[in-house]
Amino acid sequence: MNSQLRAVIFDMDGVLIDSEMTHYLAIQEAMLPARMTVPYEIYLDTCTGSDERFAMTRMASLSGIPFDEELYRSWSRRKADSYARLVGEEAKAMPGAIELVESVAAALPIGLATGSRACDVKAALNHLAGGRMANLFQTIVTADEVENSKPDPATYAAAVENLGLDPAACYAIEDSPDGIKSALGAGLRVIGVSVMHDASKLSEAERVVSTLAGVSLDDLRQWFTEPS
């Protein structure tokens, strides 16, 4: 068993940036003039954790809107514009996220493994913390780069491969059940953050914290030495 932490790979939405409401509102705008009827709490519970196509498919189904590839492409284009505008108005970091990313990046390789599209990731990183995080990641794997997004292991597998590391030597930091499944399937160890989802839904992670505020690189290294 690897006893030394070699890298940390972060999820983005709900881990680094408080953006689930931003995605929700951007999809709602993209769907107009159709009326989206999915409450935000249902969106969080049933439409997040994977990629944009999954979210839109679920929201269309729950809203009783016939959905096909042509409609998805139309919504996707419009959603990208809406998201870029909305995230630019208020890109809010999750508590402790910026501090943890910057401290880990000073000592270890870091990656980003997300179900968001590249355009949304670029928009978020350009605004989050004044753009300070945009160039910190050695690898960024988005939904555009994998055939199957989370919970499929492909996103995390690609991130680890890009770093050239043994996945068992890496931590993933995730906030969703599907994200945890993706990381575990790729062979990483996982820390869950129970901000968007109740801790009981993140039970497959080896450790669950309520926030990244106060979590340090030393904590991650210490936890990594403990049995998974």
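Higher on the page you've got the structure.
Read on for a plain summary of the structure. Everything numeric in this text was worked out from a predicted model, so none of it was measured.

### Observations concerning the side chain of Glu20
Step number 1: Within the secondary structure layout, Glu20 lies in helix H1 (residues 20–31).
Step number 2: Residue contacts for Glu20: discarding those within four places in its chain leaves Asp13, Tyr40, Tyr43, Leu44, Thr48 and Met196.

### Looking at the nonpolar core
Step number 1: Core analysis: the biggest nonpolar cluster contains 56 residues, and Phe10, Leu16, Tyr43, Phe137, Ile173 and Leu220 have the highest contact counts within it.
Step number 2: When near neighbours in sequence (up to four residues on either side) are disregarded, Tyr43 contacts Glu20, His23, Tyr24, Ile27, Val38, Thr48 and Met59.
Step number 3: Within the second largest apolar cluster, 19 residues are counted, among which are Tyr156, Ala158, Leu188 and Val190.

### What to know about the pairing of strand E5 (residues 189–193)
Step number 1: The element E5 is extensively covered by neighbouring structure, given that 5 of its 5 residues are classed as buried.
Step number 2: Every second residue of E5 is oriented toward a common face, with Arg189, Ile191 and Val193 on one face and Val190 and Gly192 on the other, all of them buried.
Step number 3: In this structure, strand E4 (residues 170–174) lies alongside E5, joined through 4 bridges in parallel fashion. The residue bridging Tyr171 from the neighbouring strand is Arg189, located in E5.
Step number 4: Of the strand pairs in this sheet, E5 and strand E6 (residues 207–209) are connected by 3 bridges, and their pairing is parallel. Each residue of the ladder has a partner; that of Ile191, found in E6, is Arg207.

### Details of the packing of aromatic side chains
Step number 1: Going through the model one piece at a time under the given rule, you end up with 6 aromatic pairs.
Step number 2: The interplanar angle of 55° and the centroid separation of 5.2 Å between the aromatic rings of Tyr24 and Tyr43 together place this pair among those described as tilted. Of this pair, Tyr24 sits in helix H1 while Tyr43 sits in helix H2 (residues 40–46); the two residues are 19 residues apart in sequence, bridging distant segments of the chain.
Step number 3: Ring geometry for Phe67 and Tyr72: centres 6.4 Å apart, planes at 70°, overall edge-to-face.
Step number 4: The exposure class of Tyr72 is buried, given its relative accessible area of 11%.
Step number 5: One aromatic cluster is present, built from ring pairs that chain together Tyr24, Tyr40 and Tyr43.
Step number 6: In this arrangement the basic side chain of Arg53 is found over the ring face of Tyr72, its NZ or CZ atom lying 4.1 Å from the centre.

### As for unusual backbone geometry
Step number 1: Pro33 follows Leu32 through a cis peptide bond whose omega is 10°.
Step number 2: Relative to the helices and strands, Pro33 is located in the loop between H1 and H2.
Step number 3: Cis geometry marks the peptide bond from Lys150 to Pro151; its omega dihedral reads 15°.
Step number 4: Secondary-structure assignment places Pro151 in the loop between strand E3 (139–141) and helix H7 (154–163).

Cut-offs used in this document
Sequence positions are assigned chain by chain, starting from 1 and proceeding in written order. Note on the predicted model: pLDDT of at least 70 is required for a residue's local features to be given, and 80 or more for side-chain atom pairs to be given and counted; whole-chain, interface and lining totals, by contrast, use all residues. Only heavy atoms go into the side-chain values, all of them from the structure, while hydrogens and water stay out. Put simply, DSSP H or I for four residues or longer makes a helix, DSSP E for two residues or longer makes a strand, and each gets a number counted from the N terminus. The criterion used for residue contact is that any of the two residues' heavy atoms lie within 4.5 Å. We call a set of buried residues a nonpolar core when its members are Ala, Val, Leu, Ile, Met, Phe, Trp, Tyr or Cys and they connect through side-chain atoms within 4.5 Å of each other. Accessibility here uses a 1.4 Å probe with only protein chains present; expressed as a share of the type maximum, an area under 20% marks a residue as buried, one over 50% as exposed, and anything in between as partly exposed. In this description, strands pair whenever DSSP reports at least two bridges between them. A pair of Phe, Tyr and Trp rings is counted when the ring centres sit within 6.5 Å of each other, with Trp represented by its six-membered ring. The angle between the planes then sorts it: under 30 degrees is stacked, over 60 is edge-to-face, the rest tilted. Working rule: Lys NZ or Arg CZ, within 6 Å of ring centre, within 35 degrees of ring normal, means a charge sits over the ring.

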